[in-house]
Amino acid sequence: MAGRARRGHDEPPAVRAARDRERHVSQVTGFGFLRPRRPKRSVTVTPTPLRYWQYDLARWVVVVLVAVAVAGWLGFLGWRDGAAAVHGELPLVIALAVLVLVFSTGRLTVSDFGLSTDIAGLRQSSSFGVVTLGLVRDVVRGAPPPDWPRAKRRGGWWPGRTRVAVRHLAPDGEADRAFTVWVRDPQAFADALDHPLD
């Protein structure tokens, strides 16, 4: 037993990170994208509840671009074919705009093993940017400190969200990395990552 614990402790960071990544993906895909509180009916083993999740709506830049595209297209149709053409095209244009915004929506998810940005798929969600919990080093409210590596941005600002910076190691356990994200509950997010909020 002691030998097994010692082998686990001496395990290379890359091996541990790869194993935890698979466990994270397995736990996340056990829940529906739109119903993260309820396990899927298809799972054979009930997964542990997710520690934290929130939907990240499309960035405001995407929303503005979609609105400009809709207004531009409808304006062009009105100029070329008149108001009747605009009324006929309106349902299709609105449906396409909503579809773009829906598929631009992601979910920030924290499991027992890691965190990721998830997007809806036809059969299950897909996880991107997985950071395993064992690689997380610091969580701070606001902008990252100046001595941190340059932080990547995840998601965009929305009303009621607070900016949080996370410092973590790369999967090989050596390179130092960071990212920022806007969360609805910074303390709950930090707790889910097993780190105090500085």
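Rules used in this analysis
Residues numbered from 1 in each chain as written. Predicted model: local features only at pLDDT ≥ 70, side-chain atom pairs only at ≥ 80, totals over all residues. Heavy atoms only, no water. Pairing = 2+ DSSP bridges. Helix = DSSP H or I, 4+ residues; strand = E, 2+ residues; numbered from the N terminus. Axes fitted to C-alpha atoms, helices over the stretch in contact; angles between N-to-C directions. Salt bridge = Lys/Arg side-chain N within 4 Å of Asp/Glu carboxyl O. Buried < 20%, exposed > 50% of the residue type's maximum accessible area, 1.4 Å probe, protein only.

Tell me about the sheet that holds strand β6 (residues 152-154), and please be specific about residues and values.
If you trace the four strands from one edge of the open sheet to the other, you get β5-β7-β8-β6, paired in mixed fashion. Of all the strands in the sheet, the pair left with one neighbour each is β5 (136-141) and β6. Taking each pair of neighbouring strands and ignoring which way they run, the sheet shows an average axis angle of 25 degrees. Pairing geometry for strand β7 (residues 162-169) and strand β8 (residues 176-183), over eight bridges, is antiparallel. Its bridge partner lying in β8, Arg163 is registered against Trp182.

Outline the pattern of salt bridges, listing residues and values.
Across all of its chains, the model carries eight salt bridges by this definition. As a salt-bridge pair, Arg80 and Asp81 come within 2.8 Å of each other at their nearest N and O atoms. We classify Arg80 as partly exposed; its relative accessible area is 47%. With a relative accessible area of 43%, Asp81 lands in the partly exposed category. Salt-bridge contacts for Asp176 lead to Arg167; the nearest nitrogen and oxygen are separated by 2.5 Å. Residue Arg167 is classed as buried on the basis of its relative accessible area of 18%. When salt bridges with common partners are traced through the structure, they connect Arg19, Asp20 and Arg23 into a single cluster.

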